[in-house]
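Each chain is listed here by its residues.
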Amino acid sequence: MTCLQQPAWDIFCRVIDNYGDAAVCWRLARQLHAEHGCQVRLWIDHLAALHALNPVVNDSEPAQRVDGVEVRVWREADFAAGAGDAIDAITMPDVVVEAFGCGLPDTYSERLASSVLSATTSCPPGHRPIWITLEYLSAEAWVASHHGLPSPHPRLDIDRYFFFPGFSADTGGLLREVDLKLRCAVFQGHDEAIDAFWKRFGWLSPSPGATAISLFGYENPHLGGLLDVWSKGDTPVCLAVTDSRIRPDVLRWLGQAVAGTGESVRRGNLEIRFLPFLTQDDYDLLLWACDWNFVRGEDSFVRAQWAARPFVWHIYPQQENTHGVKLEAFLDNYCADLPAGLQSAFRSLWRTWNGQSADGGVAVGKISAVEAGGQLAAAWAQLASDGGVLLQHASDWSNGLIRQQDLAGKLVDFCRKKRSKA
Ligand code: TRH
């Protein structure tokens with residue numbers, strides 16, 4: 001009896017900025033291996049980003065295996081024309097994922113296009129590789145009609161397809177490990193687990209009457225307005241500040257130059273706790289432990305939704321306010337079932353946080369600090385008083401999303417179907 005190989009996948013990841021690119025590729029790689037039995041090789045050009053997310057990754061090891069995934073440093077020189085033997089030694093995969101338009105090396109693409117592969121558990125003998133271009137996440141309506149379309153290569157004869165993550169069944173879905181919701185529910189249901197989490201960083205859990213909030217964001221001129229609201233408010237707020245570009249804004253508001261990890265500072269009713277950059281797994285625990293989460297980018301945005309808690313998204317800024325359109329598309333979906341008053345407070349908080357005008361228009365960066373402070377104060381007052389409704393909504397939203405298949409599963413099925421039609 002022939003023992004067939006599991007399909008082999010390559011994922012190419014270029015770290016453009018911060019951790020999001022690495023974060024998404026790493027999750028996908030681990031999940032394809034752990035839940036779908038694929039042999040996965042992750043090519044990444046900046047190993048330090050992966051090391052920050054998972055310190056088990058050795059940032060000076062060009063080839064290593066972590067969590068069953070073969071992690072390889074993507075060095076242009078190794079793929080340069082003339083690199084000869086090095087390229088020839090690379091086995092061609094059944095599927096290659098090009099993440100976020102990072103482009104594949106020409107030498108690799110050419111070999112890929114001329115490859116004819118032997119049988120695997122899901123591919124017949126003589127099959128050709130599939131090239132997936134994994135796109136950015138968006139809730140915009142056009143995503144569904146573009147998801148899965150062929151993306152002909154300008155030069156090479158190869159099966160290449162667009163794969164769009166998204167929020168509806170007709171898109172590529174969202175990354176979610178099979179046991180994620182269960183782990184989250186167990187953690188959130190056990191005070192001892194939450195206590196143990198805070199204790200690892202030297203603190204008690206925030207007091208029962210306090211609102212625990214995590215903060216991860218880009219620089220934000222309106223942060224001070226919100227910190228003013230929280231410090232002067234009636235309800236205690238415990239703000240957990242992770243290591244990100246917004247941290248200096250917090251320090252500026254406090255009037256101090258530095259804050260050591262593990263330090264906490266109090267202003268009025270606001271306690272600010274300074275956390276280190278957490279591992280990706282610990283960052284999930286932080287999201288689960290907090291009542292509200294301020295997140296950014298793409299991956300933490302999705303994780304906050306799985307945490308089933310109210311959240312605020314600081315979207316990655318793009319030219320010509322492309323991000324404003326994406327923000328509104330998500331708000332339209334997320335807020336659809338909220339009562340009108342709450343909906344407008346929620347939109348106002350998100351828009352102001354993102355420097356958008358109150359009507360969701362494109363007046364980027366035009367709101368004065370005073371105007372923004374007023375909008376944030378009004379929005380927060382309303383949202384805080386309707387906290388129970390928002391919490392239920394966050395839970396319903398998360399449970400709604402869970403009904404659709406996750407991204408890794410959809411990707412595996414997509415490739416299997418394409419293969420069976422070939
Ligand atoms: O890093 P980000 O801002 O993300 C990205 C990149 O900028 C990318 O170039 C861009 O294309 C994309 O946004 C839209 O934010 P994101 O996506 O949330 O990724 C951050 C990851 O880091 C996420 O997996 C959570 C993780 N993280 C930790 O592991 N520990 C931490 O302490 C924190 C704050 C985050």
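Below or above, wherever it landed, is the structure these notes cover. (Residues numbered from 1 in each chain as written. Predicted model: local features only at pLDDT ≥ 70, side-chain atom pairs only at ≥ 80, totals over all residues. Heavy atoms only, no water.)

1. So, the site of the ligand
Thinking step 1. Around the ligand there are 24 residues in total, and Asn18, Tyr218, Leu278, Asp299 and Ser300 lie nearest to it.
Thinking step 2. Between the ligand and Tyr218 there is a distance of 2.6 Å, counted from an oxygen atom to a side-chain nitrogen or oxygen.
Thinking step 3. The contact in question runs from an oxygen atom of the ligand to an N or O atom on the side chain of Ser300, over 2.5 Å.
Thinking step 4. Bound to the protein, the ligand loses 98% of the 710 Å² it would expose on its own.
Thinking step 5. Of all the secondary-structure elements, those providing two or more residues to the shell around the ligand are helix H1 (20-36), helix H11 (280-289) and helix H12 (299-306). (Near = heavy atom within 4 Å. Polar contact = N/O pair within 3.5 Å; in protein donor to acceptor, adjacent residues only side chain to side chain. Areas by Shrake-Rupley, 256 points an atom, 1.4 Å probe, with all protein chains shown as cover. Helix = DSSP H or I, 4+ residues; strand = E, 2+ residues; numbered from the N terminus.)

2. Things to note about the sheet that holds strand E9 (residues 237-241)
Thinking step 1. The strand order E10-E11-E9-E8-E12-E13 describes an open sheet built from six strands, whose pairing is mixed. In this open sheet, the two strands that pair with only one neighbour each are strand E10 (264-267) and strand E13 (311-314). Adjacent strand axes in the sheet meet at a mean angle of 15° when their direction is disregarded.
Thinking step 2. Pairing between strand E8 (residues 211-215) and E9: five bridges, direction parallel. Paired with Ser214 across the two strands is Ala240, which belongs to E9.
Thinking step 3. Sheet contacts for H12: strand E12 (292-296) and E13; angle to E12, the most-contacted strand, approximately 155°.
Thinking step 4. Helix H14 (residues 340-353) contacts E8, E12 and E13 of the sheet and is inclined by roughly 30° relative to E13. (Pairing = 2+ DSSP bridges. Axes fitted to C-alpha atoms, helices over the stretch in contact; angles between N-to-C directions. Contact = heavy atoms within 4.5 Å.)

3. Topic: the pattern of salt bridges
Thinking step 1. Overall, the coordinates contain 25 salt bridges when judged by the stated rule.
Thinking step 2. Between Asp179 and Arg183 there is a salt bridge; the shortest N-O distance is 3.2 Å.
Thinking step 3. A residue is classified by how much of its surface remains accessible, and Arg183, at 37% relative accessible area, is partly exposed.
Thinking step 4. If you follow the salt bridges from partner to partner, you end up with Arg27, Glu177, Asp284, Asp299 and Arg303 in one network. (Salt bridge = Lys/Arg side-chain N within 4 Å of Asp/Glu carboxyl O. Buried < 20%, exposed > 50% of the residue type's maximum accessible area, 1.4 Å probe, protein only.)

4. Regarding the packing of aromatic side chains
Thinking step 1. With the rule as written, the count across this model stands at 38 aromatic pairs.
Thinking step 2. Relative to Tyr136, the ring of Phe100 has its centre 4.7 Å away and its plane inclined at 20°; by these criteria the two rings are stacked. Here the residue Phe100 occupies a position in the loop between strand E5 (95-99) and helix H5 (106-113), and Tyr136 occupies one in the loop between strand E6 (130-134) and helix H6 (142-146), the gap between them amounting to 36 residues.
Thinking step 3. Under the relative-accessibility criterion, Tyr136 is labelled partly exposed at 39%.
Thinking step 4. Ring geometry for Tyr161 against Phe414: centres 5.5 Å apart, planes inclined by 85°, an arrangement best described as edge-to-face. You can see Tyr161 sitting in strand E7 (residues 159-163) and its partner Phe414 sitting in helix H17 (residues 407-421), a full 253 residues away along the chain.
Thinking step 5. Tyr161 gets classed as buried once you look at its relative accessible area, which sits at 12%.
Thinking step 6. A residue is classified by how much of its surface remains accessible, and Phe414, at 14% relative accessible area, is buried.
Thinking step 7. Here a set of aromatic residues connected by ring pairs shows up, and it is made of Phe167, Phe301, Phe311, Trp313, Phe330, Tyr334, Phe346, Trp350 and Trp397. (Phe/Tyr/Trp six-rings, centres within 6.5 Å; stacked < 30°, edge-to-face > 60°.)

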